[in-house]
Amino acid sequence: MATTPKKDYYEILGVKKSASAEDIRKAFRKLARKYHPDVNPGDKSAEEKFKTLSEANDVLSDPKKRKIYDQVGFYSDNIDPATAEAYARAGGGAGGAAGFPGGFPGGTHDGGQGVHFDFGGFDFSDLVDNAARGASRNRAGGSSFKDIFGSIFGGGHGAAQADEGPEPGTDLEYQVNVPFWTAIRGGVMRLNISRHDVCSNCHGQGSLESPGKCPECNGTGQITQTGGRMKFNVQCPRCHGTGRNLTTCPTCHGEGTVTKTEPLEVRIKAGTRDGQRIRVPGKGNAGAHGGTSGDLYAIMRTGEHPIFRRDGDDIYLTVPVSATEAALGAKIEVPTIDGRALLKIPPGTQSGQKLRLREKGVPSATKDGVRGDEIVEITVTVTMPRDERTKELLRELAKLNPEDPRADLWSKV
């Protein structure tokens, strides 16, 4: 049988057992600054020392935990205050229980002679009855050592429902491929999602109840186990401490949930961006034993368009113009996500220049009445002269405009 490790938390923090809460706080802060992992990077021994200090401080700084520790000689979440009180009244505590030189069963204690006691081969039933004879036998007045053993080893009624409590369901994430125009204008996406749903046969409990008592524990919720000649009570594994006649649900095999695929509609708001998460409450995995369901998060993956390129709420577009339009200026029609729009080309526009059409972009999905812009990048195209007359005109144009377009380039060489 595994022993319960004992640690002298007072010695670890370097304080007396009569130390006040303030003394404990100061001692921990002083030692924590010395052994904190941030102060000792890569030092495993310092890290373990800091963990031990934190453990000692956690118990001794909490009045309820400290009282149990002082009464029993160690602390465990499985020991309730009433159990520790009963144990202390019966003569237990850090110095050893009445009739138990080694202290609390499951632990070890060195007596005044330095002798190690091992209780694994003894039957404590008579000693328990004698040691607890002075204590009240009803639940209002205290507990016997058998009940104390049961609490320590997880067999008490307080722990009976520990693994039967509600467990919330987990969240789900689905990536949704949204067409370009649906992301901009909004719409509805229909999905088929696979999720854990509550078992309809057992209503999420994982077990079915039949008339009568649990055949294994006869309705007590506990069974007796032995380690050598030592006996102690533990929670009944069949009924989980309830005492009821339970059988595992054949539909969900005790899980309380079953996997099912169901259709789901996700509403896409106009202006939804790539990577945006849409939360659908309660459509994640169902919880166990009556726990709440998780949520579904649909992650948007917006499609592309052959002409428009989207960046946030702005739309980018490349538009070709002729050399004449770029030189003299013009008003041309360009496509937008709303249809055609008129764009003014200033005289002398260069290739690569960007012009802005305000509020011709995507409606914001987060700010009502706000829209992005459309950014139009100009590319100047030069037509191939098809006849001699055109060539003559171009030569004449070159004579009238003798500027060297590469002059700036050569100046920087």
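All of these numbers come straight from a predicted model, not from anything done at the bench. (Residues numbered from 1 in each chain as written. Predicted model: local features only at pLDDT ≥ 70, side-chain atom pairs only at ≥ 80, totals over all residues. Heavy atoms only, no water.)

Observations concerning the packing of aromatic side chains
What describes a pair of aromatic rings is the distance from one ring centre to the other and the angle between the planes of the rings. Applying the stated rule across the entire model yields 4 aromatic pairs. Relative to Tyr-69, the ring of Tyr-9 lies with its centre 4.9 Å away and its plane at 25°, an arrangement referred to as stacked. Placement of Tyr-9 in helix H1 (residues 9-13) and of Tyr-69 in helix H4 (residues 63-72) is noted, with a sequence separation of 60 residues between them. Each member of the pair, Tyr-9 as well as Tyr-69, is classed as buried. Note on Trp-181 and Phe-308: the rings are 6.2 Å apart at their centroids and 85° apart in plane angle, and the pair reads as edge-to-face. Of this pair, Trp-181 sits in helix H8 (residues 180-185) while Phe-308 sits in the loop between strand E9 (296-302) and strand E10 (309-311), and the two are 127 residues apart along the sequence. A relative accessible area of 7% means that Phe-308 is categorised as buried. Taken together through their ring pairs, the aromatic side chains of Tyr-9, Tyr-10 and Tyr-69 make up a single cluster. Above the ring of Tyr-35, the side-chain terminus of Lys-49 is found at 5.7 Å from the ring centroid. Stacked on the ring of Tyr-316, the Lys or Arg Arg-309 has its end atom at 4.6 Å from the ring centre. (Phe/Tyr/Trp six-rings, centres within 6.5 Å; stacked < 30°, edge-to-face > 60°. Helix = DSSP H or I, 4+ residues; strand = E, 2+ residues; numbered from the N terminus. Buried < 20%, exposed > 50% of the residue type's maximum accessible area, 1.4 Å probe, protein only. Lys NZ or Arg CZ within 6 Å of the ring centre and 35° of its normal.)

A few points about the confidence of the model for the protein
Taken over all residues, the pLDDT of the protein has a mean of 80, while the share at 70 or more is 79%. Least confident of the elements in the protein is helix H6 (residues 125-131), whose mean pLDDT is 43; most confident is strand E14 (residues 354-357), at 97. Below pLDDT 50 for its whole length, residues 94-163 participates in 125 contacts with residues either more than four positions away or in separate chains. (pLDDT = per-residue confidence, 0-100. Contact = heavy atoms within 4.5 Å.)

A look at helix H2 (residues 21-35)
Because each turn of an α-helix spans 3.6 residues, side chains separated by three or four positions in sequence point in the same direction. Between its first and last C-alpha, H2 extends 21 Å over 15 residues, near the 21 Å set by a 1.5 Å rise per residue. Close packing links the buried residues of H2 with H1, helix H3 (44-60) and H4. (Expected span 1.5 Å × (residues − 1).)

Details of H3
The terminal C-alpha atoms of H3, which comprises 17 residues, lie 24 Å apart, in line with the 24 Å expected from a rise of 1.5 Å per residue. The complete set of buried residues in H3 reads Ala-46, Phe-50, Leu-53, Ala-56, Asn-57, Val-59 and Leu-60. Next to the buried residues of H3 lie H1, H2 and H4.

Brief notes about the pairing of E14
Taken residue by residue, a regular strand's side chains alternate between the two faces of the sheet. Residues Leu-355 and Leu-357 of E14 are buried on one face, while the alternating residues Lys-354 and Arg-356, pointing to the opposite face, are not. Relative to strand E15 (residues 374-381), E14 is paired through 4 bridges, and the arrangement is antiparallel. Bridge pairing links Leu-355 to Val-376 in E15. (Pairing = 2+ DSSP bridges.)

Here's the deal with the sheet that holds E14
Strand pairing within a sheet occurs via backbone hydrogen bonds; the two strands may be parallel or antiparallel. Strand order in the open sheet made by the 4 strands is E10-E11-E15-E14, with mixed pairing throughout. Edge positions in the sheet fall to E10 and E14, since each of these pairs with one other strand and no more. Ignoring which end each strand starts from, the neighbouring axes of this sheet average 35° apart. (Axes fitted to C-alpha atoms, helices over the stretch in contact; angles between N-to-C directions.)

What to know about the pattern of salt bridges
Evaluation of the coordinates by the stated rule reveals 25 salt bridges. Arg-195 is the partner of Glu-262 in a salt bridge, and the nearest nitrogen-oxygen pair spans 3.4 Å. A residue pair is termed long-range when its members are at least 10 positions apart, and Glu-262 in strand E7 (residues 257-268) and Arg-195 in strand E2 (residues 187-198) qualify at 67 residues. Taking the shortest distance from any N to any O, the salt bridge between Asp-373 and Arg-356 comes out at 2.9 Å. Within this pair, whereas Asp-373 is found in the loop between E14 and E15, its partner Arg-356 is found in strand E14, the two being separated by 17 residues in sequence. In this structure, a network of salt bridges that share partners links the residues Arg-195, Asp-197, Lys-260, Glu-262 and Lys-283. (Salt bridge = Lys/Arg side-chain N within 4 Å of Asp/Glu carboxyl O.)

Concerning the environment of Pro-179
If you trace the backbone, Pro-179 turns up in the loop between strand E1 (172-178) and H8. The sequence separation of Pro-179 and Arg-301 amounts to 122 residues, and the corresponding C-alpha distance is 8.5 Å. When near neighbours in sequence (up to four residues on either side) are disregarded, Pro-179 contacts Met-189 and Gly-303.

Considerations on the nonpolar core
Residues Ile-315, Ile-332, Leu-343 and Ile-345 are the most contacted members of the largest nonpolar core, which totals 19 residues. Secondary-structure elements contributing two or more residues to this core are H8, strand E11 (314-322), strand E12 (330-336), strand E13 (339-345), E14 and E15. Of all the elements, E11 adds the most residues to this core, at 4 residues. Discounting residues that sit within four places of it in the chain, Ile-332 has contacts with Val-319, Val-321, Glu-325, Ala-341, Leu-342, Leu-343 and Ile-345. Among the nonpolar cores identified, the runner-up in size contains 16 residues, and Leu-13, Ala-32, Ala-56 and Val-59 belong to it. (Core = buried A, V, L, I, M, F, W, Y, C linked by side-chain atoms within 4.5 Å.)

A look at the packing of H3 against H4
Taken N-terminus to C-terminus, the directions of H3 and H4 make an angle of 100°; their axes are 6 Å apart at the nearest point. The orientation of H3 with respect to H4, classified from their angle, is roughly perpendicular. The residues of H4 that touch H3, namely those facing Asp-58, Val-59 and Leu-60, are Lys-65, Arg-66 and Tyr-69. (Parallel < 35°, antiparallel > 145°, perpendicular 65-115°, else oblique.)

Section: unusual backbone geometry
For Asn-218, which is not glycine, the phi dihedral falls at a positive 60°. Tracing the backbone shows Asn-218 in the loop between strand E3 (207-213) and strand E4 (222-227). In this structure, His-253 takes a positive phi of about 60° despite not being glycine. Tracing the backbone shows His-253 in the loop between strand E6 (244-248) and E7. Judged by its relative accessible area of 63%, His-253 is exposed.

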